Amino acid sequence: MNDFGHFAKSHGPKLVPFLVTLVLYFSLVRKDPQGELWTTVLKCLPIFALVFYVVAKGISLKKEYRRSLWILLGLVFSSGGDALLNINLFPFGMISFGVAHVFYISAFGWKPVKWFIGLVLYVAVSFFVYFVHTKLDEILIIGVPIYCFLITTMLWRSLARAVDSRNFLAVFCAIGAILFVISDALIAVTMFVGVPLPCARLQIMITYYAAQFAIALSTADDGPALQRSFRKKIK
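- An unreviewed UniProt entry lists the chain under the name lysoplasmalogenase, from Drosophila mauritiana.
- Recorded under Sequence similarities (unreviewed entry), the UniProt text for the chain is reproduced unchanged: "Belongs to the TMEM86 family."
- Turning to the chain, the UniProt record has this under Subcellular location (unreviewed entry): "Membrane".

1. As for the packing of aromatic side chains
Alright, step 1. Applying the stated criterion across every chain yields a total of 18 aromatic pairs.
Alright, step 2. Considering the side-chain rings of tyrosine 25 and phenylalanine 26, the 5.1 Å spacing of their centres and the 80° angle between planes classify their relative orientation as edge-to-face.
Alright, step 3. Judged by its relative accessible area of 1%, tyrosine 25 falls in the buried class.
Alright, step 4. On the basis of an interplanar angle of 15° and a centroid distance of 5.5 Å, the ring pair of tyrosine 122 and phenylalanine 149 is categorised as stacked. Taken together, the positions of tyrosine 122 in helix H5 (residues 115-132) and phenylalanine 149 in helix H6 (residues 140-165) put the pair 27 residues apart, joining distant regions of the chain.
Alright, step 5. Among the aromatic residues, those joined into a ring-pair cluster are Tyr25, Phe26, Phe97, Phe180, Tyr208 and Tyr209.
Alright, step 6. Sitting over the ring of tryptophan 156, arginine 157 keeps its end group 4.8 Å from the ring centre.

2. Description of the packing of helix H2 (residues 37-56) against helix H8 (residues 200-217)
Alright, step 1. Two elements in contact, H2 and H8, have axes separated by 10 Å at closest approach and are oriented at 10°. Relative to H8, the element H2 is oriented roughly parallel. The handedness of the crossing between H2 and H8 is right-handed. Residues Leu42, Lys43, Pro46, Ile47, Leu50, Tyr53 and Val54 of H2 pack against Met205, Tyr208, Tyr209, Gln212, Phe213, Ala216 and Leu217 of H8.
Alright, step 2. Among the residues forming the contact of H2 with H8, the class breakdown is 12 nonpolar, one polar and one charged.

3. Focus on helix H3 (residues 66-86)
Alright, step 1. An ideal rise of 1.5 Å per residue puts 30 Å on 21 residues; H3 measures up with 30 Å between its terminal C-alpha atoms.
Alright, step 2. Three or more residues of H3 are buried, namely Arg67, Ser68, Ile71, Leu72, Gly74, Leu75, Ser78, Ser79, Gly81, Asp82 and Asn86.
Alright, step 3. Buried residues along H3 sit in contact with H2, helix H4 (90-108), H6 and H8.
Alright, step 4. After H3 finishes, the residue asparagine 88 shows a positive phi value of roughly 65°.

4. Considerations on the packing of H3 against H4
Alright, step 1. Across the interface, H3 lies against H4 with an axial gap of 8 Å and an inter-helix angle of 170°. Judged by the angle between their axes, H3 and H4 are roughly antiparallel.
Alright, step 2. Grouping the constituent residues of the contact of H3 with H4 by class yields 17 nonpolar, seven polar and two charged.

5. What about the layout of surface pockets?
Left-over empty space is what a probe sized like a water molecule reveals as it rolls over the atoms.
Alright, step 1. Empty space within the largest pocket amounts to approximately 1,000 Å³.
Alright, step 2. Along the wall of the largest pocket there are 38 residues; nearest its centre are Phe90, Ser183, Asp184, Ile187 and Ala188.
Alright, step 3. Sort the elements by how many residues they give to the lining of the largest pocket and helix H7 (residues 168-193) lands first, with 10 residues.
Alright, step 4. Here the lining of the largest pocket is built from residues that sort into 27 nonpolar, six polar and five charged.

Parameters and conventions
- Residues numbered from 1 in each chain as written.
- Predicted model: local features only at pLDDT ≥ 70, side-chain atom pairs only at ≥ 80, totals over all residues.
- Heavy atoms only, no water.
- UniProt positions renumbered as here; feature names shortened; annotations may be inferred.
- Phe/Tyr/Trp six-rings, centres within 6.5 Å; stacked < 30°, edge-to-face > 60°.
- Buried < 20%, exposed > 50% of the residue type's maximum accessible area, 1.4 Å probe, protein only.
- Helix = DSSP H or I, 4+ residues; strand = E, 2+ residues; numbered from the N terminus.
- Lys NZ or Arg CZ within 6 Å of the ring centre and 35° of its normal.
- Axes fitted to C-alpha atoms, helices over the stretch in contact; angles between N-to-C directions.
- Parallel < 35°, antiparallel > 145°, perpendicular 65-115°, else oblique.
- Left-handed = near helix turned anticlockwise from the far one by under 90°.
- Contact = heavy atoms within 4.5 Å.
- Nonpolar A, V, L, I, M, F, W, Y, C, P; charged D, E, K, R; others polar.
- Expected span 1.5 Å × (residues − 1).
- 1 Å grid on protein atoms, 1.4 Å probe; cavity = no way out; pocket = protein on both sides within 12 Å on 5 of 7 lines; lining within 4 Å.
- Points joined across faces, edges and corners; volume = space filled by probe spheres on them.

See below:
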């Protein structure tokens, strides 16, 4: 059996709950939530399913699983952010997601550094923060720049890791990080700039769940070397 077939057989069943909860969310939540308990639960369920995946595919406190542990914690705080945003506690939701990004940064590591990637990203986000800062209130004018710095750092570290290793999971994770930034950018342009995007919630949530899926899946090759069966290089 080839690498992909083995990967699908090993990890596919553990991802079924994620697919089921995605269908439930997009089927049942047809309009923008208004803080209802049931929509909050449905919104968090796909992230809980990814938590289940990270645990079910194998995890421990050993060094070989450190990345899985960091990403697991990132998913937990992401679900907290989902719940807080859904009940209209935006500043607290942003804090929870900021903590999640700290864990993701820890998971992706600082080697190699790839300073040029970071420099380009920080310059770009600085222009964005300058553009929207006049539209922020007293709390967000401090919180949004900090959050932007954290998510930009998360993107930098994922891209640096992907450029260096070039294996499928690292590249897929970097794509997930890009989608995370896109999802948050869509929130920003609708909330702060007032751009009326068509089907804004769908665009935001599709890119968000895809991002978290890619980041969670990047833990598939964690563990002892003999268990790492999907490190195919992308040519």
